[in-house]
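What the coordinates show
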Amino acid sequence: MPYLSLRATYLAYLDVVNERRFGDLAEFVHDEITYNDTTVIRQEFADMLAADVKAVPDLHFEVQLLVNSEDAVAVRLWCDCAPAEPMFGLAPSGRRVEFAEHGFYRFDHGRIAHVWSLIDNQLIQAQLTG
């Protein structure tokens, strides 16, 4: 897949996530993927995303940096949100939190096959506890 096409595909996937259109993930995500070295089916991945936005209703991912190769995307996503329910096991405090998610996505035949995601939970905890 050409570089620009892969970039556009990832950005379209991110729009689906930000718009909570999890039923549309089949266009972008394989039936079975590896997420942080654990194999999950697409529905489990969608359920994980849905749980995140349930806990953090205003969760929105903004691209700060996106680099891609022929079959992979590396991205730094920025989030500024107010958790309403526990987030990553941390109780909400009514405070807003800002954090980056660093993600690496490997594509196979134009759809996501592997995701590696890293979020600084200690930074979130420090903001929640003040």
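Summarised in this report is the structure supplied together with it. Please read all numbers here as calculations on a predicted model, not as lab measurements. (Residues numbered from 1 in each chain as written. Predicted model: local features only at pLDDT ≥ 70, side-chain atom pairs only at ≥ 80, totals over all residues. Heavy atoms only, no water.)

**What to know about the sheet that holds strand E1 (residues 29-35)**
Taken together, six strands build an open sheet; the order of strands is E2-E1-E6-E5-E4-E3 and the sheet is mixed. Both outer strands of the open sheet, strand E2 (38-41) and strand E3 (62-68), are each paired with one neighbouring strand and no more. Between one strand and the next, the sheet's axes are offset by a mean angle of 25°, whatever the strand orientation. Across six bridges, the pairing between E3 and strand E4 (residues 72-81) is antiparallel. The residue of E4 that forms the bridge with Val63 is Leu77. (Pairing = 2+ DSSP bridges. Helix = DSSP H or I, 4+ residues; strand = E, 2+ residues; numbered from the N terminus. Axes fitted to C-alpha atoms, helices over the stretch in contact; angles between N-to-C directions.)

**Looking at the layout of surface pockets**
Estimates place the volume of the largest pocket at around 390 Å³. Tyr35, Asp52, Glu101, Ser117 and Ile119 are the residues nearest the centre of the largest pocket, which is lined by 25 residues in total. When contributions to the lining of the largest pocket are tallied by element, the ones reaching two or more residues are helix H1 (3-18), helix H2 (42-55), strand E5 (97-108) and strand E6 (111-119). Examining the composition of the lining of the largest pocket, we find that five residues originate from one element, H2, more than from any other. (1 Å grid on protein atoms, 1.4 Å probe; cavity = no way out; pocket = protein on both sides within 12 Å on 5 of 7 lines; lining within 4 Å. Points joined across faces, edges and corners; volume = space filled by probe spheres on them.)

**A closer look at the nonpolar core**
Judged by nonpolar contacts, the single largest core of 38 residues is most densely connected at Tyr10, Tyr13, Leu25, Phe45, Phe99 and Tyr105. Where this core is concerned, the elements lending two or more residues are H1, E1, H2, E4, E5, E6 and helix H3 (121-129). Per element, the largest residue contribution to this core is six residues, and it comes from H1. When neighbours within four sequence positions are excluded, Tyr10 is seen to be in contact with Leu66, Val73, Val75, Leu77, Tyr105 and Phe107. (Core = buried A, V, L, I, M, F, W, Y, C linked by side-chain atoms within 4.5 Å. Buried < 20%, exposed > 50% of the residue type's maximum accessible area, 1.4 Å probe, protein only. Contact = heavy atoms within 4.5 Å.)

**A closer look at H3**
Of the residues that open H3, the one with a side-chain oxygen 3.2 Å from the backbone nitrogen of Gln122 is Asp120. Directly beyond the C-terminal end of H3, a positive phi value near 65° is found at Gly130. (Polar contact = N/O pair within 3.5 Å; in protein donor to acceptor, adjacent residues only side chain to side chain.)

**Section: unusual backbone geometry**
The phi angle of most residues is negative, glycine excepted, and most peptide bonds adopt the trans form. Positive phi, close to 70°, is recorded for Asp37, a residue that is not glycine. Note on placement: Asp37 falls in the loop between E1 and E2. Asp37 sits in the exposed class, given a relative accessible area of 64%. Within the chain, His109 stands out as a residue other than glycine whose phi angle is a positive 55°. Relative to the helices and strands, His109 resides in the loop between E5 and E6.

**Focus on H2**
Residues spaced three or four apart along an α-helix point in a common direction, a consequence of the helix completing one turn every 3.6 residues. The end-to-end C-alpha distance of H2, which contains 14 residues, comes to 20 Å, matching closely the 20 Å that a straight helix rising 1.5 Å per residue would cover. Those residues of H2 that fall on the buried side of the exposure criterion are Arg42, Phe45, Ala46, Leu49, Val53 and Ala55. (Expected span 1.5 Å × (residues − 1).)

Read these as geometric descriptors, not functional statements.
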